Amino acid sequence: MDAEASPARSISTHLRGVLNAARGVFAHIPRLALDIALPTLCVSCREPVDGEGVCSECWAKLSFIAPPFCPRLGIPFVYDPGPDLLSMEAIANPPAYQRARAAVRYDDVARTLVHSLKYQDRTDLAPAMGRWMARAGQELLGEADVLVPVPLHWRRGWSRRYNQSGALARVISRQTGVKLASEALRRVRATEQQIGLSRSQRASNVQGAFKVAADRTADIQGRRVVLIDDVLTSGATTDACARALLRAKAAQVDVLVFARVVDTHRAPI
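Rules of the game
- Residues numbered from 1 in each chain as written.
- Predicted model: local features only at pLDDT ≥ 70, side-chain atom pairs only at ≥ 80, totals over all residues.
- Heavy atoms only, no water.
- Axes fitted to C-alpha atoms, helices over the stretch in contact; angles between N-to-C directions.
- Helix = DSSP H or I, 4+ residues; strand = E, 2+ residues; numbered from the N terminus.
- Parallel < 35°, antiparallel > 145°, perpendicular 65-115°, else oblique.
- Left-handed = near helix turned anticlockwise from the far one by under 90°.
- Contact = heavy atoms within 4.5 Å.
- Phe/Tyr/Trp six-rings, centres within 6.5 Å; stacked < 30°, edge-to-face > 60°.
- Buried < 20%, exposed > 50% of the residue type's maximum accessible area, 1.4 Å probe, protein only.
- Lys NZ or Arg CZ within 6 Å of the ring centre and 35° of its normal.
- Nonpolar A, V, L, I, M, F, W, Y, C, P; charged D, E, K, R; others polar.
- Pairing = 2+ DSSP bridges.
- Core = buried A, V, L, I, M, F, W, Y, C linked by side-chain atoms within 4.5 Å.
- Expected span 1.5 Å × (residues − 1).
- Polar contact = N/O pair within 3.5 Å; in protein donor to acceptor, adjacent residues only side chain to side chain.

Caption draft 1: Fine view of the packing of helix α4 (residues 108-119) against helix α5 (residues 126-136). At a minimum axis separation of 11 Å, α4 and α5 run at an interaxial angle of 125°. As judged from the angle between their axes, α4 and α5 are oblique. Relative to α5, α4 is oriented so that their crossing is left-handed. Residues L113, V114 and L117 of α4 lie in contact with α5, whose contacting residues are A126, M129 and W132.

Caption draft 2: The arrangement of the packing of aromatic side chains in detail. Scanning the model with the defined rule gives 4 aromatic pairs in all. Ring plane angle 50° and centroid distance 5.2 Å describe the contact between W59 and F64, whose orientation is recorded as tilted. Using a relative accessible area of 34% as the deciding quantity, one classes F64 as partly exposed. Directly above the ring of Y106 sits R111, whose terminal nitrogen or CZ lies 5.1 Å from the centroid.

Caption draft 3: Quick peek at the packing of α5 against helix α8 (residues 164-176). Two numbers describe how α5 lies on α8: the axes approach to 8 Å, and their chain directions differ by 60°. As judged from the angle between their axes, α5 and α8 are oblique. The two elements α5 and α8 meet at a crossing, and its hand is right-handed. Here A126, P127, M129, G130, R131, M133 and A134 of α5 lie close against α8, whose contacting residues are A167, L168, V171, I172, Q175 and T176. In the contact of α5 with α8, the residues fall into 9 nonpolar, 3 polar and 1 charged.

Caption draft 4: Molecular detail of the sheet that holds strand β7 (residues 252-260). With parallel pairing, 5 strands are arranged side by side in an open sheet as β1-β7-β6-β2-β3. Both outer strands of the open sheet, β1 (100-105) and β3 (179-180), are each paired with one neighbouring strand and no more. As paired strands, strand β6 (residues 224-232) and β7 are joined by 8 bridges and run parallel to one another. Bridge pairing links V226 to D254 in β7. Contacting β2 (146-149), β3, β6 and β7, α8 runs over the sheet at an angle of about 130° to β6.

Caption draft 5: A look at the side chain of N163. Structurally, N163 can be placed in the loop between α7 (154-160) and α8. For N163, a relative accessible area of 18% puts it in the buried group. Non-local contacts of N163, meaning those with residues more than four positions away in its chain, are made with P149, V150, P151 and L152.

Caption draft 6: Structural context of the side chain of S173. Position of S173 relative to the elements: it lies in helix α8. If near-sequence neighbours (up to four positions away) are discounted, S173 is found in contact with L147, V178, K179 and L180.

Caption draft 7: How the structure looks around the nonpolar core. One finds L113, M129, M133, V226, I228 and F258 to be the most contacted residues of the largest nonpolar core, which totals 37 residues. With residues up to four places along the chain from it excluded, the contact list for M129 reads L113, V114, L117, L168 and F258. Judged by nonpolar contacts, the second largest core, of 33 residues, contains I75, A181, L245 and V257.

Caption draft 8: Region of the structure containing α8. For α8, built from 13 residues, the straight-helix expectation of 18 Å at 1.5 Å per residue is met to within 8% by its first-to-last C-alpha distance of 19 Å. With a side-chain oxygen lying 3.0 Å from the backbone nitrogen of S165, the N-terminal cap of α8 falls on N163. Backbone geometry just downstream of α8 places G177 in the positive-phi region, at approximately 85°.

Written as structure tokens, this is what we have:
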């Protein structure tokens, strides 16, 4: 009986394989048709581009941050002031976190990438941006125990449908193998948008806005944490997050962002 049924089962298995393969081909037809009808455009200049993200011309306009830079804040120097010399900003206003690193300066192309990821559902940009961040933050990530994205308040998260910092953190976690604790830090108070606020207003706006969840303290206590965000401007948000993580007994907090605002008029001290 089994010998007679075996050929039938073999034919059935083969047919199922053929049908599954056909489904896979047909499933890609709508995407292929869409790609032909609507070719991928550069997110910055809107010119057709082979692949996703930015074209070669806009890529050349991205200002990647490389040494020499402030070892504390990651602010690029216009010349090499010597080893371990801090920027004036790091000395005058030392942050709660230990070190900050950024992949690029926050210029026109970087701004477009950030806004597209943040406000226009362009989650397809996260893999490239995350890879650039992982490269820029090798020093921090090599020592890290856990990655923590800067959280959104639940109301803002509901309207945006996803957290751009979380999307970047997932890419970096997959690439480096560093554990991701996406729910450890929470924004417990809704805050105004930081855009348009002065440095002091930004600091007041986020004061007491973040807290480590009581059931997630084990993810933070005694750990070296790398805080992930898209942009570093005044540092008020990342500083408030770092203070919350340190209150939860994090051993150290570093910051890794995609882009940072650079004041070109400031120089190393």
